[in-house]
Amino acid sequence: QVQLVESGGGSVQAGGSLRLSCAASGYPYIRYCMAWFRQAPGKERERVASIDSIDFRRYADSVKGRFTISRDTAKSTLYLEMNGLKAEDTTMYYCAADGLRRCPTSESDFESWGRGTQVTVSS
């Protein structure tokens, strides 16, 4: 069974930090493309960060310099270190994966998705 399970969400004060985790199982996605997305009600899903098979990382302009994507291949776990959190970062965060060496350019091409974890930032 292919599965992506997010954890680590919660409530923090503005300026605080959180580390999200995504445990992958059923397929070695950790060795290929994995990404974090977020989506608030009424808004389009936004790709927050991604990492591919050669460790090339991409970040949305809105989080660049504040968030860091990483992975632990031994634990088959993807992480998103979130620092300097702002109220506008409040939303659901989702883990996604695709069995390609390079990450897809389209959200629809990610083949696996987690159910999300909530992040709430108060000011």
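What counts, and at which threshold
Throughout, a residue's number is its position along its own chain's written sequence, starting from 1. At least 70 in pLDDT is required for a residue's local features to be given in this predicted model, at least 80 for side-chain atom pairs to be given and counted, and no such filter applies to totals for whole chains, interfaces and linings, which use all residues. Where side-chain values are given, they derive from all heavy atoms of the structure, hydrogens and water being excluded. Here a strand is any run of E in DSSP of at least two residues, a helix any run of H or I of at least four, and the numbering for each starts at the N terminus. Each residue is placed in one exposure class: buried if its accessible area under a 1.4 Å probe, protein chains only, is under 20% of its type's maximum, exposed if it is over 50%, and partly exposed if it falls in between. Whether two residues touch is decided by their heavy atoms; if any such pair falls within 4.5 Å, the residues are in contact. When two cysteine sulfur atoms lie within 2.5 Å, the pair is treated as a disulfide.

## Details of the side chain of S50
Tracing the backbone through its elements, the reader meets S50 in strand β5 (residues 46–51). Judged by its relative accessible area of 1%, S50 is buried. Apart from residues no more than four positions distant in its own chain, S50 is found in contact with M34, A35, F56, R57, R58, I69 and C103.

## Concerning the state of the cysteines
The tally for this structure, following the rule as stated, stands at two disulfides. One disulfide bridge connects C22 with C95, the sulfur atoms lying 2.0 Å from each other. Its S-S torsion of about -75 degrees marks the bond between C22 and C95 as left-handed, since a negative value means left-handed. Note that C22 is positioned in strand β3 (residues 18–25) and C95 in strand β9 (residues 91–98), a separation of 73 residues in sequence. Across the pair, C95 and C22 agree in class, each one buried. Here C33 connects covalently by a disulfide to C103, the sulfurs 2.1 Å from one another. Across the S-S bond linking C33 and C103, the dihedral sits near 110 degrees, which makes this disulfide right-handed. One end of the pair, C33, is in strand β4 (residues 33–39); the other, C103, is in the loop between β9 and β10 (112–113), with 70 residues separating them in the sequence. A single burial state applies to C33 and to C103, both of which are buried. Counting only the cysteines that take part in disulfides, in the order they occur along the protein chain, gives the pairing 1-3, 2-4.

By themselves, these are just geometric observations and shouldn't be taken as functional.
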